[in-house]
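Structural overview
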Amino acid sequence: MSQRSPEKDVDRLIIAAHKRFVKAMDGRLDLMSAEMKETYFSVLSKLVTKLETEEKGLREIAQEMMTEAMSEVLQMMQG
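Presented here is a report on the structure given in the accompanying data block. All values derive from a computational prediction rather than experimental measurement.

**Describing the environment of E68**
Residue position: E68 is located in helix α3 (residues 58-78). Distance in space between the C-alpha atoms of E68 and D26 is 24 Å, their sequence separation being 42 residues. Not counting the four nearest positions on each side in its chain, E68 is found in contact with K46 and K50. A distance of 3.2 Å separates a polar atom in the side chain of E68 from a polar atom in the side chain of K50.

Here it is as structure tokens:
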């Protein structure tokens, strides 16, 4: 019997978490206001665009997203 590598276990956990995330967000869409949906879509689409840019590392993407997402979230919270 072959043992699964720890890396494959983590890969499997990531895939499962992605599926849970999509399911959770699908369940919340109807409960979100139009403003919340616009903010969510803006942040999500920026993240996906950055992830599609293979030249950028995950650390750089995370740093950029922290700044950009925080700005949008703060604007939404202020009014």
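**Topic: a nonpolar patch on the surface**
Nonpolar side chains collect at one region of the surface, where L44, L47, V48, L51 and L58 lie side by side and expose about 410 Å² of accessible area between them. The leading source of residues in the nonpolar patch is helix α2 (residues 34-52), at four residues. Summarising the element assignment, L47 is placed in helix α2.

**Notes on the layout of surface pockets**
Its boundaries defined by the atoms lining it, the largest pocket holds a volume of some 240 Å³. Forming the boundary of the largest pocket are M25, M32, M36, T39, Y40, V43, L44, L47, A69, V73 and M76. Of all the elements in the fold, those that place two or more residues in the lining of the largest pocket are α2 and α3. Broken down by element, the residue count for the lining of the largest pocket peaks at six residues, all from α2. A breakdown of the residues in the lining of the largest pocket according to their chemical character gives ten nonpolar, one polar and no charged.

So, how was this worked out
Residues numbered from 1 in each chain as written. Predicted model: local features only at pLDDT ≥ 70, side-chain atom pairs only at ≥ 80, totals over all residues. Heavy atoms only, no water. Helix = DSSP H or I, 4+ residues; strand = E, 2+ residues; numbered from the N terminus. Contact = heavy atoms within 4.5 Å. Polar contact = N/O pair within 3.5 Å; in protein donor to acceptor, adjacent residues only side chain to side chain. Patch = residues over 30% accessible without salt bridge, like charges linked within 9 Å, V, L, I, M, F, W, Y side chains within 5 Å. Areas by Shrake-Rupley, 256 points an atom, 1.4 Å probe, with all protein chains shown as cover. Salt bridge = Lys/Arg side-chain N within 4 Å of Asp/Glu carboxyl O. 1 Å grid on protein atoms, 1.4 Å probe; cavity = no way out; pocket = protein on both sides within 12 Å on 5 of 7 lines; lining within 4 Å. Points joined across faces, edges and corners; volume = space filled by probe spheres on them. Nonpolar A, V, L, I, M, F, W, Y, C, P; charged D, E, K, R; others polar.

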